[in-house]
Structures are given as C-alpha cells and as structure tokens.
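Results of the structural survey
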Amino acid sequence: MSEATLTPEDFRPAPATHAAQTLSRPSLSYWQDAWIRLKANRRALISLYIVMGLAAFTLLGPLVWDVDPAAQDVDQISKPPGADRSATVVEPYSAWDPSLQNGDGHGLRLAAPATNQTVRLVWDPDPHAAGYLIYRNIFPIGPENAFGLPLGETFSPNHTYFEDLLDLAPRRYYYTVVSLDAFGDRIGHETLEAEVKRVITADDAVVRGLADSPDALSVGDKVTLGLHPLGTDNLGRDMLARLMHGARVSLFIGICAPVIFMLFGVIYGSAAGFLAGNADQLLMRFADFVVALPFLLFMILFKILFDVGAGESGILPMLLAMVLLSWPGTARLVRGQILQIREEGYIGASRLLGAKTNYLILRHMIPNTLGVILVTLTFAVPSAIFTEAFLSFIGMGVVPPTPSWGSMCNEGIKTMLTTPHELIFPALFISITVLAFNLLGDGLRDALDARMRSMD
Amino acid sequence: MWKYTFKRLIQGVITVWFIATATFFVMHNVPGDPLADAKAVSPEIRANLEAKYGLDKPVHEQYLIYLANFLRGDFGISFAQQNRYVNDIIYEHFPVSATLGILAIVFAGLGGVLWGALTALYRNRLPDVIIMFLVILGISVPSFVVAALGQLGIVNANNFFGTSLLPAVGWGTIAHMLVPSMVLGLGTMAYLTRLMRSSMLEIVNSDFVRTAKSKGLPPSRIFTNHQLRNAILPVITVLGPSIAAITTGGFVVESVFAIPGLGRYFVQAVQQSDYTVIMGTTVFYGAFLVFMVIVVDLLYAWVDPRVRLE
C-alpha cells in the first residue's frame with residue numbers, strides 16, 4: 001500500500017468552473033444519433049440512395065421519358081436493348097408479276113431482295129411434281145427436316161413462285177419448297193436461307209413520325225426507328241416506360257400495404273399490451289386466428305366484392321387483403337414491446353408525477369417502440385413487393401395491360417429462352433428494390449435498436 | 001407435457017374450425033351460385049348436388065352440413081374438373097407437394113445451418129463475405145425468377161453435355177425432384193443462414209464456450225457439441241413459419257416445373273374459380289400448417305429443456 005499524505009486542503013470542495021459545466025460534445029437526440037450511425041453504415045447509405053433513386057424513377061421518370069406504356073411499336077417487337085433500328089426507305093408495295101422472273105436452272109432463289117415488306121421466291125419446276133408446299137422456319141431445318149410453318153401450297157407443276165407477305169421481323173429465315181407428286185406424297189425438297197432486311201415506305205415513315213413529309217425521303221435512304229432504351233416486349237411496347245409505370249403499382253402496393261397494416265397493428269398491439277389481462281388474451285387469440293386465414297381466399301372475396309372481373313386488375317382488393325391479414329405480426333411485436341416498457345422505471349416515475357394513460361402511450365410508449373416499428377416496416381416492404389409480384393404472377397393481382405413488375409415477369413417468363421430481356425429487366429428491378437429495402441432495414445436496425453444490433 | 005400437448009391440439013382444432021368457418025362464410029357471401037359456373041352440369045345433377053350439399057336449405061343448416069361433411073372428410077366435387085372429388089385431388093397430389101416440401105425443408109435446414117455456421121466461423125473473412133452476398137441475393141430474387149433460372153440452367157446444362165442429365169419438367173424420379181426442391185428451399189435457406197450466423201456469433205462469446213476452451217477441449221468438439229447444438233435452437237423456432245413459406249412458394253415452383261402437386265391445382269382452381277377445390281385445399285392446408293406449427297413447438301421443448309411448457 002502506498003502512503004498518501006493528505007492535508008486539509010484536499011478536502012476543500014472544488015470551485016465550480018465553467019469548463020466542467022459545459023458539454024464537450026453537442027447533445028444528440030435519439031434520431032440524430034441514429035442518423036449518424038446510419039450514415040456511418042455504407043451499405044445502408046447506398047441502399048437509401050437506391051430507394052430514393054427508385055422513388056425518382058417512379059415519380060419523375062415518366063416526365064423525362066414521356067412514352068405511353070401501352071403504345072405499340074409494331075416495327076420493333078421483342079427487341080432487346082441495342083438492337084439494330086435502321087430501316088431502308090423503299091417504294092410502296094406493288095403487285096408482282098412472277099412470269100417476268102422465270103428463267104430456269106438456278107434452283108430455289110429470291111426474285112427480289114428479302115424485306116419485311118415481301119419475300120418473293122421462285123424455283124425450277126420439278127418434272128415429277130404435281131404441286132408444291134412452301135414452309136418457313138426460323139431455325140435451320142437440320143437432319144430432322146423440321147420445315148417449320150406451312151405458308152402455302154400450289155397445285156400446278158409450273159406454278160413455281162410464292163410471295164410471303166407476312167410482315168416479318170428482320171432476321172434470318174429458312175424457306176423450304178417441298179415437291180408433291182400427284183398423290184400428295186413428298187418427292188423432294190429444297191431449302192433457301194434468306195436474310196430479311198427491314199424496310200419502310202416513305203408514307204409509313206411519316207405515319208410513324210420518323211419524317212416530316214414523304215418528299216423528304218427518297219428510295220434508298222436510311223431512317224432510324226424509335227428508340228427503346230431497354231427494348232420492347234412481345235407486343236412492341238417500350239420496356240422502360242412500362243417499368244416506370246409498373247413501378248407505380250409495385251411500389252404503391254409495396255409501401256402502402258405495410259404502412260396501413262402496421263398502423264393498425266400498432267394501435268391493436270398497444271391496446272392489447274396496455275389493457276393486459278383477459279382483454280389482452282382475447283385480442284391476441286383473435287390475432288392468432290387471423291394469421292391462420294387463407295390469403296388467396298380473401299383476395300378472391302375482395303375481387304368479387306369490388307366487382308373486379310377475372311381479367312381485370314385488382315389493385316384495391318390486393319391492398320385490402322394484404323392489410324386485413326398481415327397486421328397480427330406487428331400487433332404481437334408492439335404488444336410485446338409495450339408489455340416490456342410498461343414495467344420500466346421511467347413509466348412508474350411518470351405515473352407518479354401524475355401522467356395520464358394517453359400521455360404515457362403517446363409520449364413514452366409509442367416513441368420508444370418507434371425504432372422497432374420502423375425496422376419492421378422496412379422489412380415488410382420487400383415481402384409486400386414479393387406478394388404483389390407473386391399474385392400478379394399467378395394472374396390474381398395486376399393483369400395486362402396494366403403494367404406491374406410482377407405481371408411483366410409473368411409475361412416475360414413465357415419468352416425467356418428467345419428474348420430474355422423481357423424477364424430480366426422487371427426481375428432485376430424487383431430484386432434491386434427488395435435488396436435495397438433489406439439492406440436499409442439491416443442498417444436501420446443497427447442504428448435504431450441497440451438490443452437487436454447485428455454482430456457484424 | 002401431455003397437458004400442454006392436449007391444450008395445443010385443442011387450440012389447433014379451434015383454429016382449423018375458425019378457418020373452415022371463415023372459408024364457408026366468405027364463399028357463401030360471394031355473389032352468385034357456386035354451381036352457376038359449371039356449364040356442363042345438367043338439371044338432374046344440379047338438383048342432386050343441391051340436395052347433397054343442401055344448397056336449398058337455410059344458411060345455418062348448410063353450415064352444419066358443411067361442417068359435418070368436413071368432419072367426415074368429404075370436401076365435395078370439383079366444379080371445373082368433372083367427376084373428380086376434391087378428396088381424390090388432395091389424396092393424389094398432396095403426397096407430391098409434401099415430398100417436394102420435405103426435400104426443400106431438408107435442403108434449406110441443412111444448408112442454412114452449415115452455411116450459417118461457416119460464416120460465423122470465418123466471420124468477416126472471404127468465405128463469410130461470399131456466402132453472405134449470396135444469401136442477400138437469395139433473399140432478394142423472387143421465387144418465380146429463381147425457378148425460371150433453375151429451369152434455364154437445366155436446359156443449358158443438358159445442351160452443353162449433349163445428353164439429358166436432368167429432366168427440366170415433370171415428376172417421378174429423384175432426378176425430377178432435385179432442382180425444384182433446391183429452388184423451393186433457396187429463400188428459406190438464405191433466411192436460415194442469416195439466423196444461424198447471428199445465433200452462432202452470440203454463442204461464440206458465451207461463457208460455456210469459454211469454459212469448454214479453458215478445459216482444453218479440441219476446437220472441433222467445441223464446434224459440434226457446444227456451439228452448433230446451441231446455435232441451432234432459434235433455427236428450430238422458425239421452422240414452423242418456414243414450412244408455411246415453403247408450401248406457399250410451392251405453388252410457383254410446381255407451376256414452372258410442371259409438377260403435379262397440390263399447389264398447382266390450387267392456383268389452377270383459383271384461376272378457374274373452382275370453389276369446392278379452393279375451399280377444400282384451403283382448409284386442408286390450414287389444418288396441415290396448424291399441425292406442423294404444433295409439432296415444431298413440441299419439438300422445440302424437447303430439444304431445449306430450458307423451455308417449460310405450461
């Protein structure tokens with residue numbers, strides 16, 4: 001033990017200096033402190049920016065990219081982003097006189113360059129044939145002789161021409177002419193590869209708004225078709241515009257439903273937690289039953305109640321079903337919090353000072369549960385977006401032509417193998433949104449609730 | 001224990017009764033006649049059906065008949081698929097869904113525990129970062145997209161190897177079940193991984209692990225006997241809700257992979273407004289879920305003796 005020499009001086013009270021009385025750091029409220037924590041979390045901050053970007057995409061996007069999501073661009077159907085958009089100006093269609101073309105000995109050939117206006121085929125007469133069948137395929141016919149789509153049939157050995165007037169998409173096609181004998185048996189076939197080029201007449205270009213007057217264009221000029229930054233869907237609608245308008249539905253459901261059902265859950269749960277005893281038991285038992293109710297059944301009921309037919313979008317029924325069946329989780333959470341908080345010392349102190357019940361709930365209980373509620377809300381948004389997407393996917397929620405991310409996925413999945421961009425973009429938007437809300441929820445939980453802080 | 005089990009079972013029965021009642025009154029209040037949808041029903045069959053289900057009787061009598069039919073396990077006849085009893089549909093297709101679901105749960109549970117334990121062990125190092133990134137991805141991608149990508153993967157793999165490694169659609173053999181059950185379990189696995197990780201991190205800092213270390217036990221033994229065993233407990237708690245998530249997710253996977261499970265018939269029934277099938281499968285699924293939650297709760301008490309059942 002060390003010796004200490006104490007004098008009476010040491011027992012004199014210290015004079016109150018100014019420096020000891022001032023706070024060295026600024027006083028922070030709970031929310032300021034949470035905001036500082038959140039700002040320090042880089043993932044959460046990026047997620048917050050993404051959420052803000054999505055809000056801007058949804059609200060301001062249609063102002064910047066002012067394209068009608070229902071407008072069809074029939075020249076560009078199922079085009080991925082960055083597809084060739086040029087078209088050559090040609091003369092208007094005129095009837096074809098195939099007799100001028102006939103000169104035998106060259107096999108199956110094109111009488112004129114193949115365009116999406118017309119593909120003109122001529123071939124040599126087969127001495128044994130009584131007629132011909134014409135097929136078209138988008139794939140090579142291969143050893144299986146997969147000729148593709150039957151286009152037409154001719155009934156004379158000398159009828160050796162065919163004109164394909166179907167408005168074709170510009171790509172490579174495989175035309176096959178099959179010779180038939182008098183009994184209709186196949187006696188031979190010949191295949192031609194044709195690269196179909198996109199053309200447009202001057203009048204059409206004016207109609208589509210690509211030129212001011214037909215005189216401004218001469219045959220052979222190139223025009224550029226309308227721009228679709230994210231491509232078009234299977235009906236030629238602009239994907240970007242559809243994603244923007246679809247975001248309104250998806251985010252509306254995804255944010256409104258959780259906000260409303262959590263509000264109800266907070267009121268219900270705080271009532272149960274505050275009343276306690278038998279009333280609490282009764283209220284929570286009822287909440288348990290509501291959890292067990294089948295969601296899809298109520299979805300159907302509300303669709304019928306709101307007079308929404310089988311092929312119509314049920315945004316309101318969907319919202320109502322989600323609100324009415326999702327609140328018990330929040331109610332249970334808030335009840336647990338309230339039960340915990342009402343035993344705290346500061347509640348007792350406040351009560352001793354004469355605080356009324358309403359004051360206690362509004363001033364102490366709800367603010368102290370707000371952090372947990374906010375975190376739960378952030379996690380409820382992704383699940384609501386998933387629910388909307390799932391319902392639209394099975395055709396119960398939003399149906400075409402109204403775009404939503406879920407219904408766009410539903411349409412895109414059908415052509416997943418040939419035009420994957422129709423599925424990828426809406427799926428990407430759903431995933432990014434859900435990811436952002438999940439990470440933001442993680443960050444908020446770390447910032448707001450010391451007890452639930454994850455151990456990273 | 002037995003008293004608690006009995007109490008839970010009674011509660012479960014009440015819940016199922018509540019579901020059945022709610023279903024009945026929802027369906028009853030839907031405007032229109034449930035038989036009006038079936039165009040092919042002749043007047044005689046219609047009269048018979050009305051008599052059988054008592055549609056000509058007042059609501060409260062209908063309700064009692066409905067409950068009596070349910071108690072006898074008679075869910076009625078499908079309106080959309082002629083000559084098919086809802087019982088037969090459930091009997092034929094539920095085993096398929098259940099097989100798929102059990103495989104998915106096994107996959108999700110094993111994967112979740114394993115990955116979660118690994119991430120906690122390699123906390124903030126490369127395996128942790130990679131696995132947690134994949135987990136976040138797994139939580140964020142909707143199930144139908146995962147299903148579609150899974151199918152695309154099968155097709156591409158088959159094309160690449162030039163043989164049919166795995167069938168892309170259908171049901172029957174183990175090969176059919178593999179990818180769909182993995183797709184179905186993926187979301188749950190991601191969720192369980194996160195849960196397992198945080199639970200494991202908590203356990204690592206606990207007193208008994210320190211004691212075990214100071215006793216000089218080998219790390220592998222501490223990992224399996226002390227850490228893993230205790231960290232698994234919260235995973236078991238959420239297994240009940242996970243089963244619910246997997247059965248609802250099953251609808252999508254069954255639709256995409258053309259698996260003849262009950263979920264697919266349920267979605268079909270919803271799309272065709274086939275009321276008896278909707279009611280029957282709803283009550284059946286409800287009863288199944290209630291039962292599974294009770295089983296999981298009992299299992300939890302058995303695994304963790306600290307939980308006292310009152």
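Residues numbered from 1 in each chain as written. Chains lettered and ligands numbered in written order. Predicted model: local features only at pLDDT ≥ 70, side-chain atom pairs only at ≥ 80, totals over all residues. Heavy atoms only, no water.

With respect to the pattern of salt bridges
Formally: Definition used for salt bridges: Asp or Glu carboxyl oxygen within 4 Å of a side-chain nitrogen of Lys or Arg. A helix here means a DSSP run of H or I that spans at least four residues, while a strand means a run of E at least two residues long, and both kinds are numbered starting from the N terminus. Only protein chains enter the accessibility calculation, which uses a 1.4 Å probe; a residue whose area is less than 20% of its type maximum is buried, one above 50% is exposed, and one in between is partly exposed.
A complete count under the given rule lists 16 salt bridges over all chains for this structure. Measuring nitrogen to oxygen at the nearest pair gives 2.6 Å for the salt bridge that ties R335(A) to D280(A). One end of the pair, R335(A), is in helix α9 (residues 315-341); the other, D280(A), is in helix α7 (residues 277-292), and 55 residues separate them in sequence. In this structure, R335(A) and D280(A) share a single accessibility class: buried. For D442(A), the salt bridge goes to R194(B), with nearest N and O atoms at 2.8 Å. On the criterion of chain membership, the pair formed by D442(A) in helix α13 (residues 421-448) and R194(B) in helix α7 (residues 174-204) is interchain, its members lying in two chains. Take D442(A): its relative accessible area is 11%, and that puts it in the buried class. Among the charged side chains, a salt-bridge network with shared partners connects D233(A), R237(A), R242(A) and E411(A).

Some points on the sheet that holds strand β1 (residues 86-90) of chain A
Residue and element names in this part refer to chain A. For clarity, the cut-off: Between any two strands, at least two bridges found by DSSP are needed for them to pair. Under this scheme, a helix contributes an axis fitted over its contacting stretch, all axes are lines through C-alpha atoms, and angles between N-to-C directions fall in the 0 to 180 degree range.
Taking strand neighbours across the sheet as the criterion, the 3 strands line up as β9-β1-β10 in an open arrangement whose pairing is mixed. The sheet terminates laterally at β9 (199-201) and β10 (222-224), the two strands that pair on one side only. On average, each strand axis in the sheet is tilted by 45° relative to the strand beside it, whichever way the strands run. As paired elements, β1 and β9 share 3 bridges and run parallel to each other. Bridge pairing in β9 places T88 opposite V199.

Let's talk about the nonpolar core
Going by this rule: Buried Ala, Val, Leu, Ile, Met, Phe, Trp, Tyr and Cys residues that are joined via side-chain atoms within 4.5 Å together make up what is termed a nonpolar core.
Core analysis: the biggest nonpolar cluster contains 121 residues, and Y66(B), F257(B) and I278(B) have the highest contact counts within it. Here this core gets 16 residues from one element, more than from any other, and that element is helix α6 (residues 239-275) of chain A. Core analysis: the next-biggest nonpolar cluster, separate from the first, contains 18 residues, L192(B), L201(B), I203(B) and I222(B) among them.

Thoughts on the interface of chain B and chain A
Here is the rule we go by: Contacts between residues were defined by any pair of non-hydrogen atoms, one from each residue, lying within 4.5 Å. Here the quantity called buried area is the total loss of accessible area, with a 1.4 Å probe, experienced by two parts when brought into contact, counted for both. Contacts described as polar in this section are N or O atom pairs within 3.5 Å, which, within protein, must combine one atom able to donate a hydrogen with one able to accept it, while residues neighboring in sequence count only if both atoms come from side chains. For this classification, Asp, Glu, Lys and Arg are treated as charged, while Ala, Val, Leu, Ile, Met, Phe, Trp, Tyr, Cys and Pro are nonpolar and the rest, including Gly, are polar.
In this complex, chain B contributes 39 residues to the contact, which on the side of chain A involves 36 residues. Summing both sides of the interface, chain B and chain A together bury roughly 3,200 Å²; the carbon and sulfur share of this comes to 80%. Joining chain B to chain A, the criterion identifies 1 salt bridge. Summed over the shared surface of chain B and chain A, the number is 1 residue pair in polar contact (both at pLDDT 80 or more). Counting residues per element, the side of chain B that touches chain A draws most heavily on helix α1 (residues 2-29) of chain B, at 9 residues. Each residue belonging to the side of chain B that touches chain A can be placed in one class, and the counts come to 25 nonpolar, 10 polar and 4 charged.

A few points about the side chain of N410(A)
Residue and element names in this part refer to chain A. Tracing the backbone shows N410 in helix α12 (residues 405-412). Within polar-contact distance, the side chain of N410 engages the backbone oxygen of S392 at 3.4 Å. Setting aside anything within four residues of it in sequence, one finds N410 in contact with S392 and F393.

Considerations on the side chain of T118(A)
With respect to the element layout, T118(A) can be found in the loop between β2 (109-110) and β3 (119-122). Reaching out from T118(A), the side chain makes a polar contact with the side chain of E163(A) at a distance of 2.9 Å.

Brief notes about the domain arrangement of chain A
Applicable threshold: Here the limits of each domain have been adopted from an automatic or database domain assignment.
Domain boundaries assigned for chain A yield domain 1 (45-69 + 235-455) and domain 2 (89-201). The centre of domain 1 of chain A, based on its C-alpha atoms, is set 57 Å off from the matching centre of domain 2 of chain A.

So, the packing of helix α4 (residues 86-121) of chain B against α7(B)
All names here are of chain B. Formally: The hand of a helix crossing depends on one turn: near helix anticlockwise from the far one by less than a right angle means left-handed, and clockwise means right-handed.
At a minimum axis separation of 6 Å, α4 and α7 run at an interaxial angle of 35°. When the axes of α4 and α7 are compared, the crossing they make is right-handed. Looking at side-chain class alone, the contact of α4 with α7 contains 19 nonpolar, 11 polar and 1 charged residues.

Considerations on the packing of aromatic side chains
Cut-off, in case you're wondering: Two aromatic rings from Phe, Tyr or Trp, using only the six-membered ring of Trp, form a pair when their centres are within 6.5 Å; if the ring planes differ by under 30 degrees the pair is stacked, by over 60 it is edge-to-face, and anything between is tilted. Geometrically, a charge over a ring is one whose NZ (Lys) or CZ (Arg) sits within 6 Å of the ring centre while staying within 35 degrees of the ring normal.
Enumeration over the complete set of coordinates arrives at 16 aromatic pairs over all chains. Relative to Y63(B), the ring of F24(B) has its centre 5.4 Å away and its plane inclined at 50°; by these criteria the two rings are tilted. With F24(B) in helix α1 and Y63(B) in helix α3 (residues 59-71), the pair connects residues that are 39 residues apart, well separated along the chain. With relative accessibility at 6%, the residue F24(B) sits in the buried group. Ring centres of F160(B) and F161(B) lie 5.1 Å apart, and the angle between their planes is 85°; on these two criteria the pair is classed as edge-to-face. The same class applies to F160(B) as to F161(B), namely exposed. Ring pairing ties together the aromatic residues F24(B), F25(B), Y63(B), Y66(B) and F70(B), which thus form one cluster. Taking NZ or CZ as reference, R342(A) lies 5.6 Å from the ring centre of F274(A), over its face.

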